[in-house]
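# Structural characterization, general
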Amino acid sequence: MITYPLLLETCVSAEFTDMPKLDDPIHLDMYQGYLRQNSFLRKLAARARRIASGFSFRSEVYGYEWGDPGSCPPLGYVRDHFVAPFVDASQTALEIGPGGGRWTQYLLGFKELYVVDYHSKLLAELKKNFGQPNIKFIKNSGSDFPGVMDRSIDYLFCFGTFVHLELDLIDSYLTNMRRILKPGGNAIIQYSDMTKVMARSNKGFSKNTPDQMRQLVAKNGFEILEEDLTTLWHSSIVRFTA
Ligand SMILES: C[S@@+](CC[C@H](N)C(=O)[O-])C[C@H]1O[C@@H](n2cnc3c(N)ncnc32)[C@H](O)[C@@H]1O
């Protein structure tokens, strides 16, 4: 039995008692928990409070329970360093595991944006907030990019998803990324870092480390451009190119 109490906005992730498998319902269950906590009446009251205090509707995006990049400094740094400088209206981007769009909102300035998720329900949630014509919604089978052309992606981003993926699935994703990433394009992935105590205490996080991640990235023929091992308490970030 998996338990994962949703945490308040503390810039940390949910807590699990078992490592989730690809078909595990954890993501759907977390989403259901969000829906329960955000019933129509609660949402209405929250919106009224947000409007009164000058915040936008988007403040209710599914995912803010793990931290809002707009108010959580480490996540704000990730946005300002790994997302904002790369947004380019002439380029194509792809996000893996967008959830409710906590990061998608910062990627809308790309000419074209693919959002790839294993769970249709989460893609439907995303669509509620983000219906822009430049977004292409893709349901995948766990590590593939159906309908994405070879060497067509300039920028690839993933946050909050690889932290839960087993190493063989990460390996499979990296192999498939090799097909779609343009030479010189940027891929930015946040992953579980078991050298950090907060990853070790979160049993839903995969047994990954910077060493293992480097090996997988190199094995799949990518060149590492940058690593951030310090900003986040339970995970690290790697940026690499094809
Ligand atoms: C914890 S949520 C994070 C959502 C969002 N990136 C954020 O940071 O708020 C994980 C997301 O990854 C999706 N997901 C889980 N396994 C996946 C996989 N193998 N491939 C693509 N998406 C996956 C879930 O459906 C969900 O949308």
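Position numbers for residues count from 1 along each chain, tracking the sequence in the order it is written. The predicted origin of the model limits local features to residues at a pLDDT of at least 70 and limits the giving and counting of side-chain atom pairs to 80 or more, whereas totals for whole chains, interfaces and linings rest on all residues.

Here the focus is the overall build of the protein. Counting its regular elements, the protein contains seven helices and seven strands. Going from N to C terminus, the protein has its helices and strands arranged as α-α-α-β-β-α-β-β-α-β-α-α-β-β. Any residue whose C-beta has 12 or fewer other C-beta atoms within 10 Å is treated as exposed, any with 20 or more as buried, and any in between as partly exposed, C-beta atoms being built from the backbone. Counting the 242 residues in the protein, one finds 37% classified as buried. Contacts spanning at least 24 positions in sequence make up 63% of the contacts within the protein whose residues lie at least 6 apart. In this text, helices come from DSSP runs of H or I with a minimum length of four residues, and strands from runs of E with a minimum of two, each type numbered from the N-terminal end. Note that contacts rest on C-beta atoms placed from the backbone: two residues are in contact if these are within 7 Å.

Nearness here has a simple definition: the residue's C-beta atom, placed using the backbone, must lie within 6 Å of the molecule or strand. Not every one of the 20 residues close to the ligand is listed here, only the nearest: Gly63, Gly97, Gly99, Arg102 and Gly160. Three classes are used: nonpolar for Ala, Val, Leu, Ile, Met, Phe, Trp, Tyr, Cys and Pro, charged for Asp, Glu, Lys and Arg, and polar for all others, with Gly counted as polar. Looking at the shell around the ligand, its residues break down into nine nonpolar, nine polar and two charged.

What follows is about the packing of helix α5 (residues 167–180) against helix α7 (residues 210–219). Packing of α5 against α7 leaves a shortest axis separation of 9 Å and a crossing angle of 35°. Seen along the crossing, α5 lies across α7 with a hand that is right-handed. Taken together, the residues of α7 that come into contact with α5 (itself represented by Leu167, Ile170, Asp171 and Leu174) are Gln212, Leu216 and Val217. The residue inventory of the contact of α5 with α7, partitioned by class, reads five nonpolar, one polar and one charged. Helix axes use the C-alpha atoms of the stretch in contact, all axes being lines fitted to C-alpha atoms, and the angles between their N-to-C directions lie in the range 0 to 180 degrees. Rotating anticlockwise by less than a right angle from the far helix to the near helix defines a left-handed crossing, while the corresponding clockwise rotation defines a right-handed one.

Looking now at the environment of Val238. Tracing the backbone shows Val238 in strand β7 (residues 235–241). Note on Val238: 22 C-beta atoms within 10 Å, which makes it buried. For the pair Val238 and Gln190, spaced 48 residues apart in sequence, the C-alpha separation works out to 6.6 Å. Val238 has contacts with Ile189, Met213, Val217, Ile224 and Glu227, leaving out every residue within four places of it along the chain.

Here the focus is the packing of helix α1 (residues 26–37) against helix α4 (residues 120–129). Between α1 and α4, the shortest axis-to-axis distance is 9 Å and the interhelical angle comes to 40°. Classified by the angle their axes make, α1 and α4 are oblique. Of α4, the residues touching α1 (which contributes His27, Leu28 and Tyr31) are Lys121, Leu122 and Glu125. Here the residues of the contact of α1 with α4 sort into three nonpolar, one polar and two charged. Each angle gets one of four labels, with under 35 degrees taken as roughly parallel, over 145 as roughly antiparallel, 65 to 115 as roughly perpendicular, and the rest as oblique.

Before going further, it helps to examine the environment of Asp193. Tracing the backbone shows Asp193 in the loop between β5 (181–192) and α6 (197–200). For the pair formed by Asp193 and Phe205, sequence separation is 12 residues and the distance between their alpha carbons is 8.4 Å. Residues in contact with Asp193, not counting those within four places in the same chain, are Ala199, Asn208, Thr209, Pro210, His234, Ser235 and Ser236.

Moving on, we get to the sheet that holds strand β1 (residues 92–96). If you trace the seven strands from one edge of the open sheet to the other, you get β3-β2-β1-β4-β5-β7-β6, paired in mixed fashion. The two strands at the open ends of the sheet, each matched to only one other strand, are β3 (135–139) and β6 (223–228). With direction set aside, neighbouring strand axes in the sheet form an average angle of 15°. Paired strands are those between which DSSP finds at least two bridges. As judged from the five bridges shared by strand β2 (residues 112–117) and β3, these two strands associate in the parallel manner. Counted as the bridge partner of Asp117 is Lys139 from β3. Each of β2 and β3 is contacted by α4, which is oriented at about 165° to β3, the strand it contacts most.

With that out of the way, let us pick up the confidence of the model for the protein. One confidence number per residue, pLDDT, is output by the predictor and ranges from 0 to 100. For the protein, mean pLDDT is 88; residues scoring 70 or higher make up 85% of the total. The low-confidence segment residues 1–17, where pLDDT is below 50, has 43 contacts with residues more than four positions distant or belonging to other chains.

In the Ramachandran plot, Arg151 falls in the positive-phi region, its phi being about 45° despite a non-glycine side chain. Relative to the helices and strands, Arg151 is located in the loop between β3 and β4 (153–158).

Moving on, we get to the pairing of β5. Burial analysis of β5 places nine of its 12 residues in the buried class, which makes it a mostly covered element. Relative to β5, β4 runs parallel, the two sharing five bridges. What sits directly across from Cys158, in β5, is Ile189. Note on handedness: a clockwise path from strand one over the helix to strand two, with the strands aimed away from the viewer, defines a right-handed crossover. Note that the unit made of β4, α5 and β5 has a crossover that is right-handed. Where β5 meets β7, six bridges bridge the pair, whose relative direction is antiparallel. Paired with Ile189 across the strands is Val238, a residue of β7.

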